[in-house]
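Summary of structural features
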Amino acid sequence: MTTAKLDALVVRATVRIGPDGEPGTLWGSGFFVAPGWLLTCRHILPLKDGPESVGSLRVQGYDGLDVRARPAYWLGGGTDPEQDLVLIRLTENVPHACVRLTDRYDPPLSVAAYGWRTPAGGAPQRWSGQTECNGKDGGYGLTLAPLVEIPHGASGGPLLDRERGLVAGVVKARRAQKDGGLAVAATALRGFRRAVPVGDENGLGADPYAALIRAHDTWHRKASGATSWVRAQTGAGERGWGPRDSADASALLAGLPQPRSSAELQGLIERVLGDEPLWEEEVAPRDWRDGHGWLYDHPEGADLVALHYLRVVAQLCGTRAPDAAAELEQWVERRAEELPGHLRALLMGVVAGAPAPWGTTRAGAGVRTDDWLGGRTADPAVHVDIDIDVDADDSDGPVVAVELEPDLFRPHDRFHWRIWTWTGGPETVRAEDEGFDGEGVSLAELPSVLSEPLARTFGRLDSGRRARLELAVPVEQFGVDAHLWRPGPVVRSLRPHPAERPFGIHRQVVVRCLKRRGEPSAVWRERWRAVAEGEPKALPVPSDAYAGHALDSAPPGAVPVLCRPPAENTGPLSRAVAAGYGVILWNLQAEHTHGCDADCGELYDRTAELLSSAGRATALPERLRALRERVSEADPDADWAEHLALLYDDPRRPIPHCDDLLESP
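With that settled, consider the overall build of the protein chain. Broken down by element type, the protein chain carries 17 helices and 23 strands. Taken across its 665 residues, the protein chain has 56% of its residues classed as buried. Contacts spanning at least 24 positions in sequence make up 67% of the contacts within the protein chain whose residues lie at least 6 apart. As presented, the protein chain carries roughly 27,900 Å² of accessible surface, and 49% of it is formed by carbon and sulfur atoms.

Spelled out as structure tokens, the structure:
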């Protein structure tokens, strides 16, 4: 690695930012991360009236660079380091260098900070200083040792990892009355997946982070000559997995569709490494590029492990993006020619989804990609293109479950909670979070209390198929309206993201019975098999008096439909659960002062049509979600389902006893 060349490239990519009408005024620094896009700290801009009020900016830098720009995306503001970031977009095309961002999860040690400063009475001038990263501040803050004084104006500049030759963060601030300072780790850029656009900005589409990193990695693969960052990183006689390898791999990965969930990606990495990393929320991998960043330090060599990882990814994306996946696999085959013969044979002989032959998985060994991504089986000798049909059996998708345990002393109005997840079969259950302290929380408080842990858990599991929310409660609480809960108490924009609408509109929300823990009974399994494999039939249950005989004598394929709300139906619901029914439908709100009326008849008729059209009970969670979405769009033909609730108790993934839960690392 040529330090002098990298230093020169960082200088070329670092700019000063100020108001358009005052080119000599320095607000702060920034640096180019992709063609036309630069990153800086939000606090350097005068955002008193919001980012829309900033107007046109002046960006100036190396070799006479002088161009107008405007704020494009920000992270909504706040006191945490990761919220102090903003992307700025040039308003015209000009040539410039770009820094190369790290894909590693671990913080740097020896670093160099770059930016601009204004000496007393002078014009802005470039500044840099070397120091060490000596700690962390929160999830994304990097503290800088007091070996250098961060001057005013340097905020927003790049922080270079001097050992690895990659930009690892953004200089944020100096420490009051002290030397040293604070930086924002590059991993915080992932927050731009949910960035707030400024005005009508849409240059980076629905996922600004993915589009930005794709442009970044593509630029670095193509850059040549004096502006090639990879060339400056590469040392003479370098062996193993070098900068050119990682740059090529990152660019090829950028051409693939995103992982369907971070849980899928993490499981893949565990199997490639033959080990289970300790995932911390802030650094846990969320896309293919992040996954690559976990492979550098493997004792068997980063080249062997990285090539195995890339083969697996290519196989996973083979159906969704055949051309891009084929290009990646061909590159892997060419790069594998550089391995010693025995290692090349080992790599190319491994089925793409198999565990690492150089380690062991938690289960021991013998787990294929098709086993852990949906339970499908195949001949282990066959090289398989693996993809998941998003229209397949909904029961195979990821699940986030909230278990509500009544407080011992106030069982009717106070609850303790636990969040657990499934990503596949029953063996994938994981405890995520819990609140079992004190006197518990009320049902009214739950949406607010669970907002943050649910957002964090959904963020890990969500993908093209959003994780289903299952609420496990006592029968007495079957009237809970979890489908009306929202992802968070604060909407960050006048144009909220669709995922900020009530849960029931954009993800499946169902109820489970807390009583059903552990091994399922034979009758429960039998009734489930009948409704999951055959056509379920609606069984109207209009009253308590009718419930006993009807529920006990109904055939296995029956689905009880109750027109009365749970407060009036605790007896029938309890009997239905005891009789082994795993699927039940009921009306959350219905007046029955004078008995059943025409609305009850419509409910029975409509649910019968719903079950018939669904064909199998496993399709019901998505059918109900679609109905709720239609209600939100004021579709009068869906009004009948506005207060419809669904018990969906799948015995193939029973609620575990507390002692059976596998703790997440």
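Turning next to the nonpolar core. Formed by 58 residues in total, the largest nonpolar core has its most connected members in Leu39, Leu85, Leu87 and Phe192. In this structure, Ala467, Leu469, Val480 and Ala645 belong to the second largest nonpolar core, which totals 43 residues.

Direction vectors running N to C along helix H16 (residues 598–614) and helix H17 (residues 620–632) enclose 125 degrees, while the axes themselves pass 10 Å from each other. Taken together, the axis directions place H16 and H17 in an arrangement best described as oblique. The interaxial crossing formed by H16 with H17 has right-handed handedness. Seen from H16, the contacting residues are Leu610, Leu611, Ser613 and Ala614; seen from H17, they are Leu620, Arg623 and Leu627. Split into classes, the residues belonging to the contact of H16 with H17 amount to five nonpolar, one polar and one charged.

A full pass over the atoms with the stated rule returns 47 salt bridges. Where Arg335 meets Asp245, a salt bridge forms, and the shortest distance between an N and an O atom there is 2.9 Å. Here the residue Arg335 occupies a position in helix H8 (residues 322–336), and Asp245 occupies one in helix H4 (residues 243–254), the gap between them amounting to 90 residues. Note on Arg335: relative accessible area 5%, which makes it buried. Among the salt bridges present, the one from Arg418 reaches Glu403, with a minimum N-O distance of 3.5 Å.

A barrel is described by the order of its strands in space; here six strands give the closed sequence S7-S8-S9-S12-S11-S10, paired in antiparallel fashion. Taking each pair of neighbouring strands and ignoring which way they run, the sheet shows an average axis angle of 40 degrees. Sheet topology places strand S10 (residues 158–161) next to strand S11 (residues 166–174); four bridges connect them, and they run antiparallel. By the bridge assignment for S11, Leu159 is matched with Gly169. Against the sheet, helix H1 (residues 3–13) engages strand S7 (110–117), strand S8 (125–137) and S10, with an angle of about 35 degrees to S7.

This brings us to the packing of helix H5 (residues 262–273) against helix H11 (residues 446–461). Look at H5 against H11: their axes get within 5 Å of each other, and the N-to-C directions meet at 60 degrees. Between H5 and H11, the crossing angle belongs to the class labelled oblique. Of H11, the residues touching H5 (which contributes Ser262, Ala263 and Gln266) are Gly459, Arg460 and Leu461.

Attention now moves to unusual backbone geometry. For Asp63, which is not glycine, the phi torsion reads 55 degrees and is therefore positive. Along the chain, Asp63 falls in the loop between strand S4 (57–60) and strand S5 (66–74). With a phi close to 65 degrees, Ala634 is a non-glycine residue in the positive phi region. With respect to the helices and strands, the residue Ala634 is situated in the loop between H17 and strand S22 (644–648).

All buried positions along H1 are accounted for by Leu6, Leu9, Val10 and Ala13. Buried residues of H1, seen end-on, are gathered within an arc of 100 degrees and therefore sit on one face of the element. Taken together, the buried residues of H1 touch strand S1 (14–19), strand S2 (28–34), S7, S10 and helix H3 (229–233).

On inspection of all chains with the given rule, the structure shows eight aromatic pairs. Where Trp37 meets Tyr73, the ring centres are 6.0 Å apart and the plane angle is 40 degrees; that geometry is what we call tilted. Taken together, the positions of Trp37 in strand S3 (residues 37–40) and Tyr73 in strand S5 put the pair 36 residues apart, joining distant regions of the chain. Note on Trp37: relative accessible area 7%, which makes it buried. On the accessibility criterion, Tyr73 (2% relative accessible area) is buried. A ring pair is formed by Trp241 and Trp331, whose centres lie 5.9 Å apart and whose planes are at 85 degrees; its orientation type is edge-to-face. In this pair, Trp241 is assigned in the loop between H3 and H4 and Trp331 in helix H8, connecting sequence segments 90 residues apart. What makes Trp241 buried here is its relative accessible area of 12%.

As a further point, take helix H14 (residues 544–553). Where H14 is concerned, the buried positions are Ala547, Ala550 and Leu551. On an axial view of H14, the arc spanned by its buried residues comes to 95 degrees, and they lie on one face. In H14, those exposed residues whose orientation departs by more than 90 degrees from the buried face are Ala545, His549 and Asp552. Packed against the buried residues of H14 are helix H13 (522–533), strand S19 (537–541), strand S20 (558–562) and helix H15 (570–578).

Among the secondary structure elements, Glu201 is positioned in the loop between strand S13 (196–197) and helix H2 (208–222). A distance of 3.4 Å separates a polar atom in the side chain of Glu201 from a polar atom in the side chain of Arg70. Side chain to side chain, Glu201 and Arg89 meet in a polar contact 2.8 Å long.

Glancing now at the confidence of the model for the protein chain. As a note on interpretation, predicted positions should not be read in detail where pLDDT is low. When pLDDT is averaged across the protein chain, the result is 84; 87% of the residues are at 70 or more. Every residue in residues 359–393 is under pLDDT 50, and counting partners more than four places away or in other chains gives 74 contacts. For residues 660–665, every residue scores under 50 in pLDDT, and the model assigns this stretch 17 contacts once sequence neighbours within four places are set aside.

Conventions used here
- Residues numbered from 1 in each chain as written.
- Predicted model: local features only at pLDDT ≥ 70, side-chain atom pairs only at ≥ 80, totals over all residues.
- Heavy atoms only, no water.
- Helix = DSSP H or I, 4+ residues; strand = E, 2+ residues; numbered from the N terminus.
- Buried < 20%, exposed > 50% of the residue type's maximum accessible area, 1.4 Å probe, protein only.
- Contact = heavy atoms within 4.5 Å.
- Areas by Shrake-Rupley, 256 points an atom, 1.4 Å probe, with all protein chains shown as cover.
- Core = buried A, V, L, I, M, F, W, Y, C linked by side-chain atoms within 4.5 Å.
- Axes fitted to C-alpha atoms, helices over the stretch in contact; angles between N-to-C directions.
- Parallel < 35°, antiparallel > 145°, perpendicular 65-115°, else oblique.
- Left-handed = near helix turned anticlockwise from the far one by under 90°.
- Nonpolar A, V, L, I, M, F, W, Y, C, P; charged D, E, K, R; others polar.
- Salt bridge = Lys/Arg side-chain N within 4 Å of Asp/Glu carboxyl O.
- Pairing = 2+ DSSP bridges.
- Arc of directions from axis to C-beta.
- Phe/Tyr/Trp six-rings, centres within 6.5 Å; stacked < 30°, edge-to-face > 60°.
- Polar contact = N/O pair within 3.5 Å; in protein donor to acceptor, adjacent residues only side chain to side chain.
- pLDDT = per-residue confidence, 0-100.

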